[in-house]
Structure formats: C-alpha cells, structure tokens
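# A closer look at the structure
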2 protein chains.
Amino acid sequence: MLRNTVKRHLKNFSRAKTGPGAVFWSKNGSGLRIKPMSMAQVATYSTKIPPRLTAESYPSVQRLTQFKKLSPEDMTFFQSILSGSEILQATADEDLALFNEDWMRKYKGQSKLVLRPKSVEQVSQILKYCNDQKLAVVPQGGNTGLVGGSVPVFDEIVLSLTQLNKIRDFDPVSGILKCDAGVILENADSYLAEHGYIFPMDLGAKGSCHVGGIVATNAGGLRLLRYGSLHGTVLGLEVVLPNGKVLNSMNALRKDNTGYDLKQMFIGSEGTIGVVTGVSILTPPRPKAVNVSFLGVGSYEGVQKVFVQAKQELSEILSAFEFMDLKSQKLAKQHLKDVAHPLEDEYPFYVLIETSGSNKEHDDAKLEAFLEKAMDDGTVLDGVVAQDETELRNLWEWRESIPESSQAGGGVYKYDVSLPLKDLYSLVEAANERLAEKGLLGDSDATKPVISAVGYGHVGDGNLHLNVAVREYSKEVEKALEPFVYEFVSSKNGSISAEHGLGFQKKNYIGYSKNEQEVAMIKQLKNLYDPNAILNPYKYV
Amino acid sequence: MLRNTVKRHLKNFSRAKTGPGAVFWSKNGSGLRIKPMSMAQVATYSTKIPPRLTAESYPSVQRLTQFKKLSPEDMTFFQSILSGSEILQATADEDLALFNEDWMRKYKGQSKLVLRPKSVEQVSQILKYCNDQKLAVVPQGGNTGLVGGSVPVFDEIVLSLTQLNKIRDFDPVSGILKCDAGVILENADSYLAEHGYIFPMDLGAKGSCHVGGIVATNAGGLRLLRYGSLHGTVLGLEVVLPNGKVLNSMNALRKDNTGYDLKQMFIGSEGTIGVVTGVSILTPPRPKAVNVSFLGVGSYEGVQKVFVQAKQELSEILSAFEFMDLKSQKLAKQHLKDVAHPLEDEYPFYVLIETSGSNKEHDDAKLEAFLEKAMDDGTVLDGVVAQDETELRNLWEWRESIPESSQAGGGVYKYDVSLPLKDLYSLVEAANERLAEKGLLGDSDATKPVISAVGYGHVGDGNLHLNVAVREYSKEVEKALEPFVYEFVSSKNGSISAEHGLGFQKKNYIGYSKNEQEVAMIKQLKNLYDPNAILNPYKYV
C-alpha cells in the first residue's frame, strides 16, 4: 500500500512542480493529502532584554592595563590612512551598538572606534600601528558569531571587514573562487550559482555572515556532511599578521605540498593571531537536483536508525541530515505563528533530509527506496517531500528558524557540542532535568527564567545544538548550565564547541576538550604570532 | 548507431559480470569485440644502476658538525629501552641498504643504526634522548617516498615505524578509524572493506606505504578528486615532538572547534617537526558500484574537454580522472611485455575514468550518457569499460604501472607538479624539446642517457607527473632538468610539488612555490618545534 502511495507521490513530482501545493503522505493515511503551504516572512531578530555591558555581567574579567587607551594622536594616524567613511566614532548620539553588541544581545563592549578599511594595505597599516602602540583590536566580520567572539569586551578598536567585499576571481573550469574576506556568504553563493557552482558550506546566518568570518570561525553549517570541512576546501588565504606583515597564499592550487600548510592555523583562529582578508576556496558544481523531505520519528533511537539507513540508501547524494526535537518545533510554531507545520500530528523527533545530485530521476528513485524502507519498518511515522523550490525552502525554514525562535522569548543560552552519536540527545534530557530540579524551568510560567531547553542539530556530524530559551539572561541559569554542560560533554569525550568556536563564552572551558599539551601548544602559537596579545583579547585561550 | 553499441555493451554488463572477457567498443567499430584480458604479475622493482652515496652525488651538502656521532654509550641507552628485535645495527654483512636507499635507488644514506620501536612511549624516549644528545634522526615509514625524504643523507639514526602497526579502533556508525602510523595502507583499506568502508585515499604504493607516512607526506593519490585532501579527512593525530612530548588529538570528533587545529601542521611536515605515531581518520562508506573506463583521445585539448564533460555528466559519482600520454603507455607496454593493451590502436592520449556510487544501474546510465556524448562529438575516439573486478584492476594497472615502467630502464627523474589545467601538458613538451636540444634523448639509442620523458597524472586535481626515464642517473640530465622544470612551473604559478613533498630533492627549490613571508614562517615553525634541528636534517627547508 505504501509502495503505491509513495509511487503516486513521486509520480506527482513533475506534474505538480510549479504548483503551490505540498504533497503530504503518511504511512497510515489514505494516500495523498494536498495542502497549501506558505511561509510568513521571518521577523527581524529582537529581544526584550536591554543588553548589559559584558564588563558588568562578568566583573571578574578586568581590562588589561598593558593596552593603551585611544588618544587624539592615534585618531590623527587613523585619519591619515583612512577616509571619513572608513572611520566610525562613538558620539553622544551614536554608541556603535551594532558593532559592540552580539547577535544574541548577550555581550556588549564599549568600543569608541570602528575602522572599516577598503584595502589589505590599510588593514596592514592599522595592525602594525596598533601593535606598535599596544592598542587592542577586535576583528569583526558579519558579527553573527554565537560565542561573543566578534565584539569587544572593553574599549578594543573594532576592525570591521565589511568594506573589503569584492569577488576577486573565479575559474569556471577548476571551480576555484577567490574573494575578499568581507563578501557576504549569500552573495558569494549567488555569484557561484550564476556559474553553475555552489559554496561548499551554508548556514542560517548566510545573509549576514562573511566568507572571511566563517573561515576564521571554521564554521561547519549545513553542507559539511557532503562537502567536508573548510580545512579541506579552503585552498589559500590572505592574512594580515599583528605586525602588519601579510601572509599570502591566495595563488594556491588544489594540490601544493611545499612546506607546512600555514593557512590551516588561521582557519578557526577566531581573529586571535591574524586578520583574514582574502579567501581562495574550491567550490563544487551546483547540484542539478535537490530533494528535501521532513519526517516524523518516534524516538531518538529511531533518528539514529534513519541516519544509518540514509547513509546506506542515499550515500553519495545525501547532503544534509538534520534532527529537531518536538520542543524546538513548538518554539518555532510560536515564532512563525500562522504558518502550518509540515506535519499535522506531533512527533517526539523530526528529521530533515536533503539530497543533492546530478540526475533528478535517479535521486527520486533513491529517495523513494529509502523512504519506503524506513516507513515499512516503522522507523519513520509520517513525512512530506518538497515539490518545488518554495516548499523546499519552507521545509528548511522549520529547521533554520529554531535559533531565532529560541531567542524570541527574551534570550538564549546556546551550546554547540560534538558528542558520540548514541549520547547526542542525552545532554538535552540531562539539561532539562537539571533546570527542572533547580526550579528554573517554566514553559508557560512567566515567573521562571527558562522557557524551554531544546535540542537540534547536524546528526551526520555528531553535532548537537542545545538551546536554552530564557525570558532573561541570569546568573542563576548560567550557573546551572555551566560548567555542567561542559562536564557532561567532557565525560563523553565530546567537544564543547563543535562549530561555534571558543570566543568569550568558552575561553575558560577549553580544558574540557583539549589536554594540557594541546593547550600549551595553542598558547605557544598565540605568543609566537601575537606577542603583544593585541588581537581579540579576553577570548579563546 | 553508437547508442545501440553502447546500449548493447551496457546490457552485457550484468550478463558477462563474472566472465573473463572485456568488452571493447569503438565509435567506428562494428559493435562488440570480445577479447580476453589478463595481466602478468608486475615484476619487483629493480634498477641496473648500483646506487651512489648521496654524500658523493651531492658533495656540496656537508654533514652538520652540530650533530653528535653515535657512541657506545648511546647504544647502551637504546638497548636499555628496546629489545633486540627493535634494534638493527650495520655490520660487515648488513649495510642496512633497505633503510638507507630510497625506492628509486637515487639516494643512499650511511646510517649504521635503525630503531624499530613497538610503542609510542619508546618513540618518546628515543626522541627525547636524541634531542638531548643532539643525535640526528630520520623518521621512516614504508620508505616509498619519491623525493628522498625518508632516507638518511649521512649517519642519521633511522626511526622506523614498521613495528607500530596495530589498528586501534573502528566505529562502524561514524566511520572513524584509529590506527598506528605503521599500518600499511592496503591493510587498513582491507580492514575497512570488511566493515563496508573505504580508506579515503589510494595510491600505487599502497602495498608498502604506511598510513602515518602518507599523512606526514600529505599524499594525494587517486581518490582526492572524490574524497578531498587529508587536511579534511584526518580528524586527529598522535605525534611525538622532538623533545619527547606527545601531542595527542586521537579522541578527535568530526567537528571540534576549540583552539588552533594543531594536527594540521604535521600533515605534510615530512617528519621535520614531529613523528606521527597514530592517525584518526574519517572514512566514507565503500561504494557499492565501481565502473572503470579506459579511453583513447586525440589531443590534450580533447582530454580537457572530456574532463569538463565528465564533471558535468558523472558529477557526484566521478571518483578518478587520470590521463596518460602515448609515451607513458609505450614504456608500460615494454615493461608489461606480453600483456595486451586495453586499446588496439594507438592514441596520443589516454584517459582512465572511475565512477563510484551506491546504485549500479544509475551509475551505468550516467556513464552511458557521458560516453555517448563524448563519442558523438568525437572527443573520445575509442574505449573500453571493465566488466568485472579483474578487468577493472587490469585497466588501473596500465595507469599504476607507469612509475615502475619509467624506472625499469635504469632510473627515473620524477617531477610532481601542479599547473593550471590548460598548461598541464606543456611542461612535458617543453622537457622533451629541451632534452632533445641538448642531445640527451635517445628512445632506442643506448648511448644517450634519457630514454623518454613521459607525462601522466591526476587531471582532476591539476596534478602532472613528469617522469624522465633514464638509462643512468647523471649530472648532465639533472642539470638540464633542474631548475628548468621549477622555473617553468613557477612561471605558470604552479607548485613544484603537488603531492610528493619537498624531501631532499626539492629543499633548495621551495622559493619557486612559496613567497618570502611563507618561507620565513615555515622556518619559524621548524625552529619552534625542533630548535636543535635533529629531525630529518638536510631536507624540506
């Protein structure tokens, strides 16, 4: 019976391709249920809480006296190398909040100066001067970081890469893209789309984050399962060192085995040893066929089972395998308000599977075989397959809107961890238990600080996002979660940061994921490249 | 007509799967031509030339006086931490040639001592002692390197990883393999095959080379096009530093963003800053279907065109795209003697295309569509598709036997370079012209030192192998080729070493591929990790 249902469904693919309807199918249902889908424009991020200064929230962190305070002479120098539009100064009306505050509005610095150079030479001059003068600097890309790594803590100068935003070169035979660090990820991907290529990573913040920023963060995102990490795809970098010297490997080829691969040190260095100004990256051909299905699953064990099946059946065309728990979808429903959820009934877990391939017919056949098997054995309980680009994006939206949905009630504590697959969800359960025990959790009780602790993430990479949605940031909640979360992860040999980095939030917790020798060597490299420690202080190590 | 030919051919696939015949097809042929194929066992490597000491061939390289000479006290120490079978000493009968000479018999060191520890602790004790005593050390894996990087130059102690050869752990859900550095690549791959996984790289020397050795070399090999570089697939390393301290990141997960990615420095470091003793690597599911086709092409322009078509048509299942020139196949024919070449007629260029996927039917359809198009437009002139595992290996043999075929006449000068795709073959033409001009080239003239200069390699990665087959190694030939080859590559913004590394051969030529700032930073790291410079001296930088 299912076979017929799925067959009919898949046959419908081409016929209904341009129509507005989504085809829903269900194992126990009576065949096809056509239902219109539409997606409201997602509201801009907001928070009910006026952000506090990081210096006030974390009084134990003190401004380092080794750093000079900004003087009129310094301004004279910056004005000598930068034009008016490249310098932003704090005034009575302008507190530079956009540059001082992070996306979650959890951290707030007190910088009085933002420099926005338009050339690598200017970046070099700025850093050399700051290094000589011992002025602390925070490099900043799209400022979409999630660990407070891209905003100042005290009065550090913000070095914004926003105006260094040109595509430099693209070779349509090799697929090698060369661009400035400040190019917005979505712009880079749109540019590549015109040439039949795709940026080998994707993430929710693509409309704001910079190519240089994702390299400096070693962001993982949604396509890692398919295209691998940036350590493999980035071919060359242009990096300005604290002393103003420029490390340039932008000419890099796909293969070059001459000397230590220096650029690798800067991938994931979070602006602590150099400022990435240019990126050369290998991009794959854009898949001609993309399918997305959104499935309801009865248990976390079921999610793991579906993953193994998907690896086997979908193999080389599997490009994303994301899971979400019911609580995360409840938050998303509240946030997206009138939009109907892809699945009518509720399930403990949801899985989003994306395939990308070169032959639509072959991909459909593989997806069909996989779904049949997964529904036949009862692992998948219900599901929907997108039939056109709009529906595809709508299904993704139910995964991608979780971060802002978690944030919408006031604020969010975000933990981005790697765990062995079997232990992945146990952290969410443990966090919920702990918050309940401490009397902090109240789904609909507005007197409790925590709304909900939800889990979702990239199962394919062993990467869980634990989001604790709160009505307000509070020391009590933070103390309940930290170091509890890190201890839990460490006990399972996981990583306390899978893809977000260390930043300010996790500076003190690196020991949970790295051993003494590693931490010593990390500090040794920091001292080697940035002996005055002017770059992104109070963070990382 | 072709359509029918190819269709018939592909239909034959399943029927003839276990048969011994290879199906040949040709655009102008009269349909199917069945022809038996068999492959002689490849002779063991040999050379007519007794190798000279490197110290004699390169008198300008002098033993560094900073290194201590081996003393009886040193032997007492080594005997106190190693058993008899873990120590090999030179005697009147045993000159340790296997450890002193490289695979090409181009370099020969004078080491009197080989240490073959069985534990990481022993490696640590050895290095700490050698560092304290200023005894120079050459780490050695399977000794299959092609730039003289794994053999001593003077009396360095050889630290062989041969006896550190255990698989440590494999997780069949994530595909993460953890093993000792001394595990032979083929053994690792066979082990993975039992679990349905595949080692993400492959190369001709797989029967001898070590997993640790390919990591230390950052070898590229035959599957890079599909699975990417080791910088992306290696998840963690265990490395003993010159001071005996152990950097251990073997617990690494697929994603871990806490601190600089230290292991990356050791991938491709060629044993100059640490000794890799353990490797943790992400392995992909073993493809269920593999196709190999061997094609005749009329020009190098045609090869490029076939590559672009293959990327478009075969996309996610394309796993290798190798090209060979006619001269390389002539050498292989001489070497493989009675074995019939896959294609009856001669063509200026040959291309080997491998697809790997999860669905044989889909892969066959994609390959068929691609071949039809390529033959229809005249790019591909003739071809054969393997029909079973034996034929598949035989086709590969015509690519993989080129190195020993080039070597068989006496010796070989090997250049492994990256070049922009369009310029790739021009280096082979330029080298042939130059050798002819200098009167060094004589295909059948035994009085000339050079037999032939042939080109082949991984077009998909922009990686050319130029092999100059010689009757004997001579300064005259070397001078004609170096720095000529490096200058040519540099003028095209290529790399003088795509995958073989620098070793002894290219130590002085790094400036052709790396700029001053890069070389300075490479030397800085060498000094940081190996201040006494005891590891693999006279090489790399």
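Under an unreviewed UniProt entry, chain A has the name D-2-hydroxyglutarate dehydrogenase, mitochondrial and belongs to Lachancea meyersii CBS 8951. Comment text from UniProt for chain A, heading Function (unreviewed entry), reads "Catalyzes the oxidation of D-2-hydroxyglutarate (D-2-HG) to alpha-ketoglutarate. Also catalyzes the oxidation of other D-2-hydroxyacids, such as D-malate (D-MAL) and D-lactate (D-LAC). Exhibits high activities towards D-2-HG and D-MAL but a very weak activity towards D-LAC."

For chain A, the count of helices and strands is 18 helices and 18 strands. Computed over C-alpha atoms, the radius of gyration of chain A comes to 24 Å, within 12% of the 24 Å expected from 2.2 N^0.38 for 541 residues, which places it in the range of a compact globule. In chain A, buried positions account for 63% of the 541 residues. Across chain A, contacts joining residues at least 24 apart in sequence account for 74% of those joining residues at least 6 apart. Accessible area for chain A stands at about 19600 Å²; split by element, carbon and sulfur atoms hold 50% of it.

Turning our eyes to something else, we now look at the packing of aromatic side chains. All names here are of chain A. Throughout the structure, instances matching the rule amount to 52 aromatic pairs over all chains. Among the aromatic residues, ring-to-ring pairing joins Tyr 300, Phe 323, Phe 349 and Tyr 425 into one connected group. Taking NZ or CZ as reference, Lys 475 lies 4.1 Å from the ring centre of Tyr 58, over its face.

Before going further, it helps to spend a moment on the relation of the copies chain A and chain B. The two copies are related by a screw operation: chain A maps onto chain B through 180° of rotation and 0.0 Å of translation along the axis, at an RMSD of 0.0 Å. The superposition of one copy onto the other is thereby described by a two-fold rotation axis. Measuring from the rotation axis to each C-alpha of chain A, the shortest distance belongs to Gly 232 of chain A, at 2.0 Å. Interface overlap between copies is the fraction of interface residues in one copy that are interface residues in the other; for chain A against chain B it reaches 100%, indicating a shared surface.

Moving on to the side chain of His 210 of chain A. Residue and element names in this part refer to chain A. With respect to the helices and strands, the residue His 210 is situated in the loop between helix H6 (185-194) and helix H7 (211-217). The class for His 210 is buried, based on a relative accessible area of 4%. Among all residues touching His 210, those that are not within four sequence positions of it are Gly 141, Gly 142, Leu 161, Thr 162, Ala 181, Gly 182, Val 183, Ile 184 and Leu 185.

Looking now at helix H13 (residues 389-400) of chain A. Residues and elements named next belong to chain A. With 12 residues, H13 extends 16 Å between its outermost C-alpha atoms, agreeing within 8% with the 16 Å of an ideal straight helix rising 1.5 Å per residue. Counting buried positions along H13 gives nine out of 12 residues, so the element sits mostly inside the fold. Of the positions making up H13, those classed as buried are Glu 391, Leu 392, Asn 394, Leu 395, Trp 396, Glu 397, Trp 398, Arg 399 and Glu 400. Residue Asp 388 occupies the N-cap position of H13, its side-chain oxygen lying 3.1 Å from the main-chain nitrogen of Thr 390.

All names here are of chain B. Read from one edge to the other, the open sheet built from four strands follows the order E3-E4-E6-E5, with strand pairing classed as mixed. Here the strands that pair on one side only, and so sit at the sheet edges, are strand E3 (87-89) and strand E5 (137-140). Pairs of neighbouring strands in the sheet enclose a mean axial angle of 20°, with direction left out of account. Here three bridges tie E3 to strand E4 (residues 113-115), and the two strands are oriented antiparallel to one another. By the bridge assignment, Leu 88 is partnered in E4 with Val 114.

Attention shifts here to the interface of chain A and chain B. Each partner contributes residues to the interface: chain A has 84 residues there, and chain B has 84 residues. Summed over both sides, the interface of chain A with chain B buries roughly 6500 Å², with 56% coming from carbon and sulfur. Contact with chain B buries surface across chain A, with Lys 255, Asn 257 and Tyr 260 of chain A losing the most and accounting together for 16% of the total. Taken together, the links from chain A to chain B amount to six salt bridges. Between Lys 255 of chain B and Glu 499 of chain A there is a salt bridge; the shortest N-O distance is 2.9 Å. Where chain A touches chain B, the interface holds 44 residue pairs in polar contact (both at pLDDT 80 or more). Sorting the residues of the side of chain A that touches chain B by element identifies helix H8 (224-227), helix H9 (230-233), strand E10 (246-248), helix H10 (300-314), helix H12 (360-376) and helix H18 (516-529) of chain A as the ones contributing at least two each. In terms of residues, the side of chain A that touches chain B owes the most to one element, H18 of chain A, which gives nine residues. Among the residues making up the side of chain A that touches chain B, the classes are represented as 28 nonpolar, 38 polar and 18 charged.

This next bit is on the packing of helix H16 (residues 426-437) of chain B against helix H18 (residues 484-491) of chain B. Residue and element names in this part refer to chain B. It is the contact of H16 with H18, at a shortest axis distance of 11 Å, that shows an interaxial angle of 145°. The chirality of how H16 crosses H18 is right-handed. Of the residues in H18, those touching H16 at Ser 426, Leu 427, Ala 430, Ala 431 and Arg 434 are Phe 484, Val 485, Phe 488 and Val 489. Considered class by class, the residues forming the contact of H16 with H18 number seven nonpolar, one polar and one charged.

Moving on to the pairing of strand E14 (residues 349-357) of chain A. Regular strands have side chains that alternate between both faces of the sheet. Residue and element names in this part refer to chain A. Of all nine residues that make up E14, nine are buried, and the element is covered over most of its length. Taking every second residue as pointing to the same face, both faces of E14 are buried, with Phe 349, Val 351, Ile 353, Thr 355 and Gly 357 on one and Tyr 350, Leu 352, Glu 354 and Ser 356 on the other. Here strand E12 (residues 289-297) runs beside E14; their pairing, made up of nine bridges, is antiparallel. Bridge pairing links Ser 293 to Ile 353 in E14. Note: strand E13 (residues 318-325) against E14, seven bridges, orientation antiparallel. Residue pairing for E14: Glu 322 is matched across the bridge by Leu 352.

Take the sheet that holds strand E9 (residues 234-240) of chain A next. All names here are of chain A. Taking strand neighbours across the sheet as the criterion, the five strands line up as E7-E8-E11-E9-E10 in an open arrangement whose pairing is antiparallel. On the outer flanks of this sheet lie strand E7 (167-171) and E10, each paired with one strand and no other. Taken pair by pair, the neighbouring strands of this sheet meet at an average axis angle of 10°, ignoring direction. Contacting E7 and strand E8 (176-180), H6 crosses the sheet at an angle of about 35° to E7.

Definitions and cut-offs
- Residues numbered from 1 in each chain as written.
- Chains lettered and ligands numbered in written order.
- Predicted model: local features only at pLDDT ≥ 70, side-chain atom pairs only at ≥ 80, totals over all residues.
- Heavy atoms only, no water.
- UniProt positions renumbered as here; feature names shortened; annotations may be inferred.
- Helix = DSSP H or I, 4+ residues; strand = E, 2+ residues; numbered from the N terminus.
- Rg over C-alpha atoms; globule rule 2.2 N^0.38 Å.
- Buried < 20%, exposed > 50% of the residue type's maximum accessible area, 1.4 Å probe, protein only.
- Contact = heavy atoms within 4.5 Å.
- Areas by Shrake-Rupley, 256 points an atom, 1.4 Å probe, with all protein chains shown as cover.
- Phe/Tyr/Trp six-rings, centres within 6.5 Å; stacked < 30°, edge-to-face > 60°.
- Lys NZ or Arg CZ within 6 Å of the ring centre and 35° of its normal.
- Least-squares fit on C-alpha atoms with pLDDT ≥ 70 in both.
- Expected span 1.5 Å × (residues − 1).
- Polar contact = N/O pair within 3.5 Å; in protein donor to acceptor, adjacent residues only side chain to side chain.
- Pairing = 2+ DSSP bridges.
- Axes fitted to C-alpha atoms, helices over the stretch in contact; angles between N-to-C directions.
- Buried area = accessible area lost by both parts, 1.4 Å probe.
- Salt bridge = Lys/Arg side-chain N within 4 Å of Asp/Glu carboxyl O.
- Nonpolar A, V, L, I, M, F, W, Y, C, P; charged D, E, K, R; others polar.
- Left-handed = near helix turned anticlockwise from the far one by under 90°.

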